[in-house]
Amino acid sequence: MLLPLSLRGQQTIFGNGNLRESAISVSEELPYAVVVYDFAERYLTELGKLTKEEQRSRMERDDVRILQGGLERLSLLNDSSLIIFSERENCYCMSLFNGDYPLVELAFPASCQLLLGKNLKELEMDFLDGLLSYVYKPVLSDTLRKENLTTLGGNFYLLQGDSYQIEDINDNCYYVIADGGKTELLFSMEHPAESVFNLLLSEELAEDIRLSLTVRKYGLKKQQIDLPLSQWISYLRSKGCRLYVGIESLETKAVKATFFAVNTVLKYNHVMNVTIPYTLLNNKEGSVRGDVNLFIPTHNIAALFDELNWVEPPTKKQIQIIE
């Protein structure tokens, strides 16, 4: 993505702020553009205050590379300069050019700690402070037309979502057609796996359910939190996460599932093991237990799947609709 710069007025290392507006203008097409810009401006500004040797040491430690150009060329920025954003595997790149002449081409890991300039302990603290102070506001659910659903048999329907990593971890939702033709989320003891998908993905169903949450924190510490499940779901979405669910097993007294909150821009996952008692599905009230690890780098998820023995997940048979 190439964008012209317009640099007027008070100058910073990247101009007067119009460059950031350019990043904002392409954020719908390139969701990472603003995060990448903010990081690059902050990081290059900090580098400019260091000696050459300190710059080399800092960049080597952070695995940040200048592929072309250099800091000294930033003074050449003008109204005709171009900015280019790109993503390569687990790295982001931002480049500034005057025509074909590279001013700075910067490449760096797509790491939330590096991008936000905070360590894991600080990220966890900010996340939990935000979660506990977050005020949930009920949302109106969209009206679903029957023709947008896939029939699973009888009065049961599927709204096909997307999968994450493997097919059986997804954000599918399940529906029934109630009297009067209204489409409603499925939530019943007769269909426990499908109901758990709906519960963990829908703020509407979660409004009357509590979440008893154990947060596993940096330094092997734990924190216990009790909050409405709807507050948890809504807060994660407000932080730019997409939610997915996978069923681990249908036990004698409960359903065990794993819940993924995935941030594709900052490349992290919040992963929560959840236990949902059948009594909750039957009574439509109560509490679920969760155990969560925060800010797991996306590139580490494959190893986590091995630990969960989800290379060949057991969920496919479990989520078939019961006739």
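Report follows, based on the coordinates. Worth saying up front: this structure is predicted, and the values here are computed from it rather than measured. Here the residue numbers are simple positions, counted from 1 along each chain's written sequence. With pLDDT at 70 or above as the cut-off, local features in this predicted model cover only qualifying residues; side-chain atom pairs require 80 or more to be listed or tallied, and sums for whole chains, interfaces and linings still use all residues. Where side-chain values are given, they derive from all heavy atoms of the structure, hydrogens and water being excluded.

**Some words on the pattern of salt bridges**
Here is step 1 of the chain: By salt bridge we mean one thing: a side-chain nitrogen of Lys or Arg within 4 Å of a carboxyl oxygen of Asp or Glu. Scanning the model with the defined rule gives 13 salt bridges in all.
Here is step 2 of the chain: A salt bridge links R56 to E53; the shortest N-O distance between them is 2.7 Å. Taken together, the residues R56 and E53, both in helix 3 (residues 52–62) and three residues apart, mark about one turn of the helix. Comparing R56 with E53 shows no difference in burial state: the two are exposed.
Here is step 3 of the chain: Through salt bridges with shared partners, one network takes in R42, E46, R58 and D62. Note on conventions: DSSP H or I runs of at least 4 residues are helices, E runs of at least 2 residues are strands, and numbering of each starts at the N terminus. In this scheme, a residue with accessible area under 20% of its type's maximum is buried, one over 50% is exposed, and one in between is partly exposed, where area comes from a 1.4 Å probe on protein chains only.

**Description of unusual backbone geometry**
Here is step 1 of the chain: With phi around 70 degrees, Q165 is a residue other than glycine that occupies positive phi space.
Here is step 2 of the chain: Positionally, Q165 belongs in the loop between strand 8 (163–164) and strand 9 (166–170).
Here is step 3 of the chain: For F295, which is not glycine, the phi dihedral falls at a positive 55 degrees.
Here is step 4 of the chain: Checked against the element boundaries, F295 lands in strand 17 (residues 286–297).
Here is step 5 of the chain: Of the residues examined, F295 reaches a relative accessible area of 9% and is grouped as buried.

**A few points about the environment of D208**
Here is step 1 of the chain: By the secondary structure assignment, D208 is in the loop between helix 7 (203–206) and strand 12 (209–217).
Here is step 2 of the chain: Given the relative accessible area of 60%, D208 is considered exposed.
Here is step 3 of the chain: The spacing of D208 and L229 is 21 residues in sequence and 7.9 Å in space, taken between C-alpha atoms.
Here is step 4 of the chain: The contact definition used throughout considers only heavy atoms, calling two residues in contact when any of these lie within 4.5 Å. When near neighbours in sequence (up to four residues on either side) are disregarded, D208 contacts E285 and G286.

**Some thoughts on the side chain of N172**
Here is step 1 of the chain: Examined against the element boundaries, N172 turns out to sit in the loop between strand 9 and strand 10 (173–177).
Here is step 2 of the chain: Reaching out from N172, the side chain makes a polar contact with the side chain of Q160 at a distance of 3.3 Å.
Here is step 3 of the chain: Here a polar contact means two N or O atoms within 3.5 Å. Within protein one must be a hydrogen donor candidate and the other an acceptor candidate, and residues neighboring in sequence count only if both atoms are side-chain atoms. Of the polar contacts made by the side chain of N172, one reaches the backbone nitrogen of G161; its length is 2.7 Å.
Here is step 4 of the chain: Apart from residues lying up to four places away in sequence, N172 is in contact with L158, L159, Q160, G161, F197 and L201.

**Considerations on helix 8 (residues 229–238)**
Here is step 1 of the chain: Along helix 8, eight of the ten residues are buried, which leaves the element largely enclosed by surrounding structure.
Here is step 2 of the chain: All of the buried residues along helix 8 are L229, S230, Q231, W232, I233, S234, Y235 and L236.
Here is step 3 of the chain: G240 sits one or two positions beyond helix 8 and adopts a positive phi of about 85 degrees.

**What to know about the pairing of strand 4 (residues 91–98)**
Here is step 1 of the chain: A large share of strand 4 lies buried, amounting to eight of its eight residues.
Here is step 2 of the chain: Burial along strand 4 is two-sided: the residues C91, C93, S95 and F97 and Y92, M94, L96 and N98 are all buried.
Here is step 3 of the chain: Pairing between two strands is assigned when DSSP locates at least 2 bridges connecting them. What sits between strand 3 (residues 82–88) and strand 4 in their antiparallel hairpin is a turn of two residues, with E89 showing a positive phi close to 50 degrees.
Here is step 4 of the chain: As paired elements, strand 4 and strand 5 (residues 101–109) share eight bridges and run antiparallel to each other. Its bridge partner lying in strand 5, F97 is registered against P102.
Here is step 5 of the chain: Between the antiparallel neighbours strand 4 and strand 5 lie two residues, among them G99 with a positive phi of about 65 degrees.

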